[in-house]
Amino acid sequence: MVIHNEQGNVKEKLEQISNCGYELLGYFILSKETWWTEYFAPLEKLITKAQARYFDNLKVLEEVRQAQGELDMFKKNPERNSSVCFVIKKK
């Protein structure tokens, strides 16, 4: 199983994994740079394209507005977007 979570308190989360009867196979950090490259930069391009293409579609524009809000939050505080993935299995 893979668990994706915020990066904070990794040591505590590792203890919880063990206490819940799981074995840690490994984990990795998704840095703010990874989030930008793999998610937010492509999202920014899609937002620009959607705004131009669907300028008269209110439903699409609402989705674009929400995506823009997520992008704006990232740009305002990119450090909050570091996360961790744990790969675990039942003991």
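Remember, it's a predicted structure, so these values are computed and weren't measured experimentally. (Residues numbered from 1 in each chain as written. Predicted model: local features only at pLDDT ≥ 70, side-chain atom pairs only at ≥ 80, totals over all residues. Heavy atoms only, no water.)

For the rest of this paragraph, the subject is a nonpolar patch on the surface. On the surface, Leu24, Tyr27 and Ile29 cluster together into a nonpolar patch covering about 250 Å² of accessible area. Locating Leu24 in the fold gives a position in strand 2 (residues 22–30). Overall, the relative accessible area of 33% leaves Leu24 in the partly exposed class. (Patch = residues over 30% accessible without salt bridge, like charges linked within 9 Å, V, L, I, M, F, W, Y side chains within 5 Å. Areas by Shrake-Rupley, 256 points an atom, 1.4 Å probe, with all protein chains shown as cover. Salt bridge = Lys/Arg side-chain N within 4 Å of Asp/Glu carboxyl O. Helix = DSSP H or I, 4+ residues; strand = E, 2+ residues; numbered from the N terminus. Buried < 20%, exposed > 50% of the residue type's maximum accessible area, 1.4 Å probe, protein only.)

Moving on: helix 3 (residues 58–76). Because each turn of an α-helix spans 3.6 residues, side chains separated by three or four positions in sequence point in the same direction. Taking 1.5 Å of rise per residue, 19 residues should cover 27 Å, and helix 3 covers 26 Å from first to last C-alpha, within 8% of that figure. Among the structural elements, helix 2 (32–53) are those in contact with the buried residues of helix 3. For helix 3, the side-chain oxygen to backbone nitrogen distance between the N-cap and Lys59 is 3.1 Å, and the N-cap itself is Asn57. (Expected span 1.5 Å × (residues − 1). Contact = heavy atoms within 4.5 Å. Polar contact = N/O pair within 3.5 Å; in protein donor to acceptor, adjacent residues only side chain to side chain.)

Another point: the packing of helix 2 against helix 3. Between helix 2 and helix 3, the least distance of the axes is 10 Å, while the angle of their chain directions is 145°. Considering how the two elements wind past one another, helix 2 and helix 3 form a crossing that is left-handed. On the side of helix 2, the interface is formed by Lys32, Trp35, Trp36, Tyr39, Phe40, Leu43, Glu44, Ile47, Ala50 and Gln51, while helix 3 contributes Leu61, Val64, Ala67, Gln68, Glu70, Leu71, Phe74 and Lys75. For the contact of helix 2 with helix 3, the class distribution of residues is twelve nonpolar, two polar and four charged. (Axes fitted to C-alpha atoms, helices over the stretch in contact; angles between N-to-C directions. Left-handed = near helix turned anticlockwise from the far one by under 90°. Nonpolar A, V, L, I, M, F, W, Y, C, P; charged D, E, K, R; others polar.)

Once that is clear, we can look at the pattern of salt bridges. Under the criterion given, the structure shown has three salt bridges. Between Lys32 and Glu79 there is a salt bridge whose closest N-O contact spans 3.2 Å. Residue Lys32 is found in helix 2, and its partner Glu79 is found in the loop between helix 3 and strand 3 (83–90); the two are separated by 47 residues along the sequence. Residue classification places Lys32 among the partly exposed positions, given a relative accessible area of 27%. In this structure, Arg65 engages Glu62 in a salt bridge whose closest nitrogen and oxygen atoms are separated by 2.6 Å. Taken together, the residues span about one helical turn, with Arg65 and Glu62 both in helix 3 at a distance of three residues.

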